Structures are given as C-alpha cells and as structure tokens.
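Remarks on the overall topology
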Amino acid sequence: MHFAFPPRKTSNPPPYAVRPSRSTPMLRRNQLRLLAIIALGLLSFIFIASRLFRSSSGSAQSEYIPPGTPPVVIVTVLDPKGNPSFNEMVKQNREHYAEKHGYTTFFPNPADYPLKTAPVSWAKVPAMRHAMTLFPHSTWYFFLDVHALIANPSISIEEHITAPARIEELEIVDVPVVPPDSVIKTYALKGDKVDLIICQDHEGIGRESFLIRRGEWAKYFLDAWFDPLYRAYNFQKAELHALEHIVQWHGTMLAKLVLVPQRIINSFHSDRAGVSEANIYQEGDFIINFTGCDQGGKTCETVMRQYAT
Ligand SMILES: *[C@@H]1O[C@H](CO)[C@@H](O)[C@H](O)[C@H]1NC(C)=O
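Basis of the calculations
Residues numbered from 1 in each chain as written. Predicted model: local features only at pLDDT ≥ 70, side-chain atom pairs only at ≥ 80, totals over all residues. Heavy atoms only, no water. Pairing = 2+ DSSP bridges. Helix = DSSP H or I, 4+ residues; strand = E, 2+ residues; numbered from the N terminus. Buried < 20%, exposed > 50% of the residue type's maximum accessible area, 1.4 Å probe, protein only. Contact = heavy atoms within 4.5 Å. Polar contact = N/O pair within 3.5 Å; in protein donor to acceptor, adjacent residues only side chain to side chain.

**So, the sheet that holds strand S10 (residues 287-289)**
- Strand order in the open sheet made by the three strands is S4-S10-S9, with mixed pairing throughout. A single partner strand is all that each edge strand has here, and the edge strands are strand S4 (148-150) and strand S9 (267-268).
- Where S4 and S10 come together, three bridges link them in antiparallel fashion. Of the residues in S10, the one forming a bridge with Ala-148 is Asn-289.

**A word on the pairing of strand S7 (residues 209-213)**
- By the criterion of burial, S7 is predominantly enclosed, with five of the five residues buried.
- Alternating positions in S7 separate into two faces, Ser-209, Leu-211 and Arg-213 on one and Phe-210 and Ile-212 on the other, with burial throughout.
- Sheet analysis places strand S3 (residues 140-144) next to S7, joined by five bridges and oriented antiparallel. Residue pairing in the sheet places Leu-144 in a bridge with Ser-209 of S7.

**Description of the environment of Ile-288**
- With respect to the helices, strands and loops of the structure, Ile-288 is situated in strand S10.
- Along the primary structure Ile-288 and Leu-149 are separated by 139 residues, whereas in three dimensions their C-alpha atoms are 5.4 Å apart.
- With near-sequence residues (within four places) excluded, Ile-288 lies in contact with His-147, Ala-148, Leu-149, Ala-151, Ser-267, Phe-268, His-269, Tyr-281 and Tyr-307.

**Describing the environment of Asp-285**
- Mapped onto the secondary structure, Asp-285 falls in the loop between S9 and S10.
- The class for Asp-285 is buried, based on a relative accessible area of 9%.
- For the pair Asp-285 and Asn-152, spaced 133 residues apart in the sequence, the C-alpha separation amounts to 6.2 Å.
- Apart from the residues within four sequence positions on either side, Asp-285 is in contact with Ala-151, Asn-152, Ile-155, Arg-263, Ser-267 and Ile-280.
- Only 2.7 Å separates the side chain of Asp-285 from the side chain of Arg-263, close enough to count as a polar contact.

Okay, here's the thing in structure tokens:
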C-alpha cells in the first residue's frame, strides 16, 4: 500500500488530554540542584569535623610544634639548700650540654611537690610531669640524677639513644625486666613505639637516668608511678620498688619500655668497688654515675669536678 499523504492529524483532540507541561522538569532540575548543594554541604561539614576531631585528639604526627621548641628537656631535681658550688657545677654541666644541641634544662626544687612523708627521691616523678607542662611540645624528657654528669657533650640524645633505628639497635630483648630473675621479660619493640628508655645495673632498674617520650602514655605512666598507695606503702627502696612493681605487673607499662645497655646512659665511676669492668666509664661515654662519691673522705664535688664540662 502506498499513501499519497501522511495520515492527517485529527482536528478533534481528545477533550481532556494532559497538556505537555514545561514546568515539571524545571522544578525537578531545581530540586536536584538543591539536593546536590545540601549533599555537598554535608560532605564538607563531615570532612571539616573529622579534621577538627583528629587534631584535637592529639595525634603526634600531625601536631603543630611551635618553632624553637626544644626537642629534649633535661630534668635534674636540685635541692636549693644544697651546697651552692656543687649545685652550680651540676647546673652548668646540663646547661652547656643543652645549649650545644638546642635542648633545654629544668631544675625543680623537691620542696615544690606534695611528698608529705614519702622519701624525697620521689620528687623525680612529679618533676617529670611538671616538665611536660612547662615544655608541652618537646619530644623527650631526660631525667638525670644530681650525682651524675654528662661527660661527653658532643653526643646528641637523638643519635645516641632515641632515633627509632637506634632504639632497635640498642634494645635488650627477652631479659628479666627486673634483674636477676623476674619471670617478666622485655619485648622486642618498634623504635617509634617506645615511650620509656631505661637501663639496668647490678642493683636493679636504673631509676636515676631514664627518658620518657611525651604523650598520653607518659602521663599515665607517671601518674600510675606516683600513686599515693605506692608512696604510702613504704617500699624499702621507695620509688624504685614502685617502678619495679608497675613495670612487671602492668602489661601496658612493659609494652612501651625498652632496656638499653648500661653504659649508654649510666657508666659507673671507676672509684666504685665491686662493679663489673664492662660498666665502668671509658673515655667518650655519655654519662658518668658518681653514686657513692662521698665515700673515703672525698666530697662528690671534688670527684665530679674533674669530669665536669
Ligand atoms: C647510679 O647507680 C646506682 C646504683 O649503684 C643507681 O641506683 C642509680 O640509678 C644510678 N644513677 C644513674 C644516674 O643512673
């Protein structure tokens, strides 16, 4: 069949046919745009909120560290009532060293802390906590007893001890955390996961020279160590025995602690009797421990002054 003309449109449209509307798709487009804007707004809100939350939760990596922040704070508790020339010698020893490496020093007075009847050696614990509030952006806090000197100021704490690779090289793994025979042994830790660096000597854990990394764990550790229960307990060796207790019986402590060889932070002065040759100070060592320096009619000041830099 062949049609000469296209079929004609009817001249009588059905009376109630719906007129094709132009406003409906316009409305839909507007609604879509509105929806997109709302979605975008929501997404950016979530993004900003998550950024805010992350920075306030204090992740060490993304945190802003003000320029000029000393990376290390050296803390020595100094009794202002002590011999002034001895105190001055100890202060200068730390200050010269700190200046050389851009660190800082802090010499708190033990009387500033509420020790009540607990032995004054406990002061080191609140002193470290105090240092963290005074220098809230520093990375490491190095406690060093007054009867010890920095004997080699050219050594930097980072290279000598705290660089993660260096920690992994130094850490002493799988030994009783409290010598000689604790059943609790040290773990192998990743260098960047370590928050407490300490050594042992023939008497136990060396509580007079240790390093703590700033962070939530450090605060928890110091608060747990300073527990009033421990202070009142009258451990024979005060805070040392409290420390030995918490590192052995609280797994969260052991999980952040490494032992390093004694001569890294605690070489013994040669005057000391009954000490193994391997732990006696040798030229170039970082720290000399003068415990017992006031024996045999000498004063600590005269013994120490020969090494004071
Ligand atoms: C020095 O040695 C004694 C033990 O003989 C120890 O208790 C003390 O923690 C050591 N001091 C330092 C600064 O390491």
